Every structure is written in C-alpha cells, then in structure tokens.
Amino acid sequence: MLKDAAAPPGRPMRADARRNAEKIVAAAGAVIAEHGADASLEEVARRAGVGSATLHRHFPSRQALLEAVFKDRVEALCAKADRLLAEPDPGQALTTWLHAVGAHAVANRGLGASLMRDGDPGLGETCHDMITAAGDALLARAQTAGAVRAGITIAPLLKLVGAIALATEQETDGPAEASLLLSIAIDGVRTH
C-alpha cells in the first residue's frame, strides 16, 4: 500500500496524491524495464506527468521508489496466481504463472540486485515468501492433477526462472528469449 510521505502517520492518502503515487510507480516500472534500476528519476517524473518535487514528496529516495516498484510487481504476480487457481487446467495455470514470473524478473533489469545491496532486508523476505506461497499453491494443484511430476518443489522452479531471467535481461528481446528458454525447461517438469 502506498503511503504519503507528507501526510501525518495514520492519515489516509488523499485521492489525488494516491493517483500521483500510482502514476509514478507505473512510470518507474516502465523506465526500469527499459533502462535498468539506475534509470533517471527525471525521466520517471516526466513519464508520470508530475514534477520532480511531487516524485520526491512521495518517494524521498531512489531506494523508496525502487522498493515501491518491486512490491507493486510482486503483489501483481501474487494476484495473478490467485486468479489462475480458478483456471480449469492446473498445469497450464502453473506454466502461465511461471512465464509471468520470468517476465517480471527480466523487466527488473538490476532492480533485485539493487534492492539486495541497499534495500530493506524485510522487504526481500516478505516478497520472497509471498511469491513462494503463490507458487506453492499453483504447483500443488498441478501435481494433484498429475500435470507435474511428484517431487518437484517451487524453490528450484523459481531459481530456474530467476537464472533464465538473469541470463536474458540484457538481450535485445530478453522477454521473448526468457519465455522460449522457460518453455524448454518447463517441458522437463511435466509428466509424460
């Protein structure tokens, strides 16, 4: 949940301030996907349609903005996992989500490394736990349906997705390359 740095603690964020903060986070996500975690904050403000002062009022440091972008992306991945639990094909639901995780990781372009180096360790643990729980639910459902081999756990699948993303994030078409490699890897965990 976004917080207004200028508002007193406990007071809800005004609607216009919330919209500005959401626009900033969305713009920052796009700029990071294009230019990496060291992207220009001025470019973020320009794309969000706000001034630099507005950006800094909501996010007093680059780190605060990076953490907001990362948390927003993780929450979106977990919401997608929740929606996919209702899909009729559990194996395809897991595959779809793992591809979304890969796209998320490729779009981070150094964001994760930057947060691990300078960020709040609690945020990393919380986000990791959220992603692991979301993936566990999808994987268990796929295994129960016989779509994924028994004995596979979510931790190595997430490491595999992360390794593929890291190997492709600097490619011209990193998301497509990551998707292709992930499709090849996923074929190895399916039952035949």
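Note: the structure precedes this text.
Note that the structure is predicted; figures quoted are calculated from it, not measured. Residue indices follow the written sequence of each chain, beginning from 1 at its first position. Since the coordinates come from a predicted model, pLDDT governs what is reported: local features require at least 70, and pairs of side-chain atoms require 80 or more to be given and counted, while whole-chain, interface and lining totals use all residues. Water and hydrogen atoms were dropped before computing side-chain values, which therefore reflect all heavy atoms in the structure.

## Here's the deal with empty space enclosed by the protein
Part 1 of the argument: Definitions used for this entry: grid spacing 1 Å over protein atoms alone; cavity, a set of points where a 1.4 Å probe fits but cannot get out; pocket, an open set with protein on both sides within 12 Å along at least 5 of 7 lines; lining residue, one with an atom within 4 Å of a point. Grid points are joined across faces, edges and corners, and a volume is the space filled by probe spheres set on the points. One pass over the structure, following the stated rule, counts two cavities of 30 Å³ or more.
Part 2 of the argument: Looking at the largest cavity, its volume works out to about 60 Å³.
Part 3 of the argument: Taken together, Gly 91, Leu 94, Thr 95, Leu 98, Ala 147, Val 148, Ile 186, Val 189 and Arg 190 make up the full set of residues lining the largest cavity.
Part 4 of the argument: Numbering of helices and strands runs from the N terminus; a helix is a DSSP stretch of H or I covering at least four residues, while a strand is a stretch of E covering at least two. Tallying contributions element by element places helix H5 (residues 90-108) first for the lining of the largest cavity, with four residues.

## Observations regarding the packing of helix H7 (residues 121-144) against helix H8 (residues 154-168)
Part 1 of the argument: One way to put it is that H7 packs onto H8 with a least axis distance of 9 Å and a crossing angle of 115 degrees. Comparing their axes, H8 and H7 come out roughly perpendicular. Crossing geometry of H7 relative to H8 is assigned as right-handed. Between H7 and H8, the contacting residues are Ile 131, Thr 132, Gly 135, Asp 136 and Leu 139 on the first element and Ile 154, Leu 157 and Leu 158 on the second. For helices, the axis comes from a line fit to the C-alpha atoms of the stretch in contact; other axes are also lines fit to C-alpha atoms, and the angle between any two N-to-C directions lies between 0 and 180 degrees. For classification purposes, angles smaller than 35 degrees are called roughly parallel, those larger than 145 roughly antiparallel, those between 65 and 115 roughly perpendicular, and all remaining angles oblique. Throughout, a crossing is termed right-handed when the near helix is turned clockwise from the far one, and left-handed when it is turned anticlockwise from it by less than a right angle. Between two residues, a contact is recorded if the distance between any of their heavy atoms is within 4.5 Å.

## What to know about the state of the cysteines
Part 1 of the argument: Our working definition of a disulfide is a cysteine sulfur pair at a distance within 2.5 Å. As enumerated under the stated definition, the model contains zero disulfides in all.
Part 2 of the argument: Looking at Cys 78, it has no disulfide partner, and the nearest cysteine sulfur is the one in Cys 127, 8.0 Å off.
Part 3 of the argument: Using a 1.4 Å probe on the protein chains alone, a residue whose accessible area is under 20% of its type maximum counts as buried, one over 50% counts as exposed, and one in between counts as partly exposed. Assessed through its relative accessible area of 12%, Cys 78 is described here as buried.

## What about H7?
Part 1 of the argument: Look at H7: 34 Å from first C-alpha to last across 24 residues, which is about the 34 Å you get at 1.5 Å a residue.
Part 2 of the argument: Along H7, the positions that sit buried rather than exposed are Leu 123, Cys 127, Ile 131, Thr 132, Ala 134, Gly 135, Leu 138, Leu 139 and Ala 142.
Part 3 of the argument: Buried positions along H7 lie against helix H4 (62-84), H5 and H8.
Part 4 of the argument: Directly beyond the C-terminal end of H7, a positive phi value near 80 degrees is found at Gly 146. In this scheme, a helix's expected span is set at 1.5 Å multiplied by one less than its residue total.

## Describing the pattern of salt bridges
Part 1 of the argument: Salt bridges, as used here, are contacts in which a Lys or Arg side-chain nitrogen is within 4 Å of a carboxyl oxygen on Asp or Glu. All chains considered together, the criterion is met by five salt bridges.
Part 2 of the argument: With a shortest N-O distance of 2.7 Å, Arg 47 and Glu 43 are connected by a salt bridge. Within this pair, Arg 47 and its partner Glu 43 are both found in helix H2 (residues 41-48), separated by four residues, close to a single helical turn.
Part 3 of the argument: With a shortest N-O distance of 3.4 Å, Glu 75 and Lys 71 are connected by a salt bridge.

Note that all results are geometric; they support no functional claim without further evidence.
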